[in-house]
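Structural overview for review
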Amino acid sequence: QVQLVESGGGLVQPGGSLRLSCAASGSILSINVMGWYRQTPGSERESVARFTSSGRTIYADSVKGRFTISRDNAMNTMYLQMNSLKPEDTAVYYCRYYHTIYTTRNYWGQGTQVTVSS
């Protein structure tokens, strides 16, 4: 089992920045992929940024050049630096740790609200 706790969400004005954190504990070595997702009411949860099993980073087109995903070497903590925020970035943001082969190893955090508004 892996436990995930997000933090860092909040209210920010358009053009502002926020840094989300995802603290992981438990059997972290049992997973090989981690990433950030977001969801708005009535919409599907979408991938924002993630690390592949080889360590590459992949970003949604809507956040390229504005968001940066990072992690510590032990994969205990993952971050999402969000710059130049737009109202359309408003959503609940979730972190996810999972394994690409052993699909039962799929863990989500509880989510953190990000609101971009003036």
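What comes next is a walk through the structure. Being a predicted model, the structure only gives us computed values, none of them experimental.

Looking at the nonpolar core
In this structure, Trp-36, Leu-80, Met-82, Tyr-93 and Tyr-97 are the most contacted members of the largest nonpolar core, which totals 30 residues. Breaking this core down by element, the ones donating at least two residues are strand E1 (2–7), strand E3 (18–26), strand E4 (33–39), strand E5 (46–51), strand E7 (67–71), strand E8 (77–82), strand E9 (91–98) and strand E11 (112–116). Ignoring any residue separated from it by four or fewer positions in sequence, one finds Leu-80 in contact with Leu-18, Arg-19, Leu-20, Trp-36, Val-48, Ala-49, Phe-67, Thr-68, Ile-69 and Tyr-93.

Describing the packing of aromatic side chains
Here the distance between the centres and the angle between the planes together describe a pair of aromatic rings. Evaluated as defined, the whole model comprises two aromatic pairs. Between Tyr-37 and Trp-108 the ring centres are 5.0 Å apart and the planes differ by 65 degrees, which places this aromatic pair in the edge-to-face class. Here Tyr-37 is found in strand E4, whereas its partner Trp-108 is found in strand E10 (residues 106–108), with 71 residues between them in sequence. For Trp-108, a relative accessible area of 32% translates into the label partly exposed. Aromatic side chains Tyr-94 and Trp-108 sit 6.4 Å apart centroid to centroid with 85 degrees between the ring planes, which places their arrangement in the edge-to-face category. With Tyr-94 in strand E9 and Trp-108 in strand E10, this pair connects stretches of sequence that are 14 residues apart.

So, the sheet that holds E8
Within a sheet, adjacent strands bond to each other through the backbone by hydrogen bonds, running parallel or antiparallel. As summarised here, the arrangement of the four strands in space is E1-E3-E8-E7, forming an open sheet in which the pairing is antiparallel. Each edge of the open sheet is held by one strand with a lone partner, namely E1 and E7. Going from strand to strand, the sheet's axes swing by 15 degrees on average, the running direction of each strand aside. Bridge count between E3 and E8: six bridges; the pairing is antiparallel. Bridge assignment links Arg-19 to a residue of E8, and that residue is Gln-81.

What to know about unusual backbone geometry
Not every positive phi belongs to a glycine, and Met-75 is a case in point at roughly 60 degrees. Inspection of the secondary structure assignment puts Met-75 in the loop between E7 and E8. You will see that Ser-84, though not glycine, has its phi angle at about 50 degrees, which is positive. With respect to the secondary-structure elements, Ser-84 resides in the loop between E8 and E9.

A few points about the environment of Val-2
Here Val-2 lies in strand E1. Accessibility expressed as a relative area gives 6% for Val-2, which makes it buried. Along the sequence, Val-2 and Ser-25 sit 23 residues apart, while their C-alpha atoms lie 5.7 Å from each other. Each residue touching Val-2, except ones within four places of it in the same chain, is listed here: Ala-24, Ser-25, Ser-27, Ile-28, Ser-30, Ile-31, Tyr-97 and Tyr-107.

Here's the deal with the pairing of E5
Taken together, the five bridges between E4 and E5 define a ladder with antiparallel strand orientation. Looking at E5, one finds that Met-34 is bridged to Phe-51. Pairing of E5 with strand E6 (residues 57–59) involves three bridges; the strand directions are antiparallel. When the sheet's bridge partners are listed, Phe-51 is paired in E6 with Thr-57.

Reading guide: rules and limits
Residues numbered from 1 in each chain as written. Predicted model: local features only at pLDDT ≥ 70, side-chain atom pairs only at ≥ 80, totals over all residues. Heavy atoms only, no water. Core = buried A, V, L, I, M, F, W, Y, C linked by side-chain atoms within 4.5 Å. Buried < 20%, exposed > 50% of the residue type's maximum accessible area, 1.4 Å probe, protein only. Helix = DSSP H or I, 4+ residues; strand = E, 2+ residues; numbered from the N terminus. Contact = heavy atoms within 4.5 Å. Phe/Tyr/Trp six-rings, centres within 6.5 Å; stacked < 30°, edge-to-face > 60°. Pairing = 2+ DSSP bridges. Axes fitted to C-alpha atoms, helices over the stretch in contact; angles between N-to-C directions.

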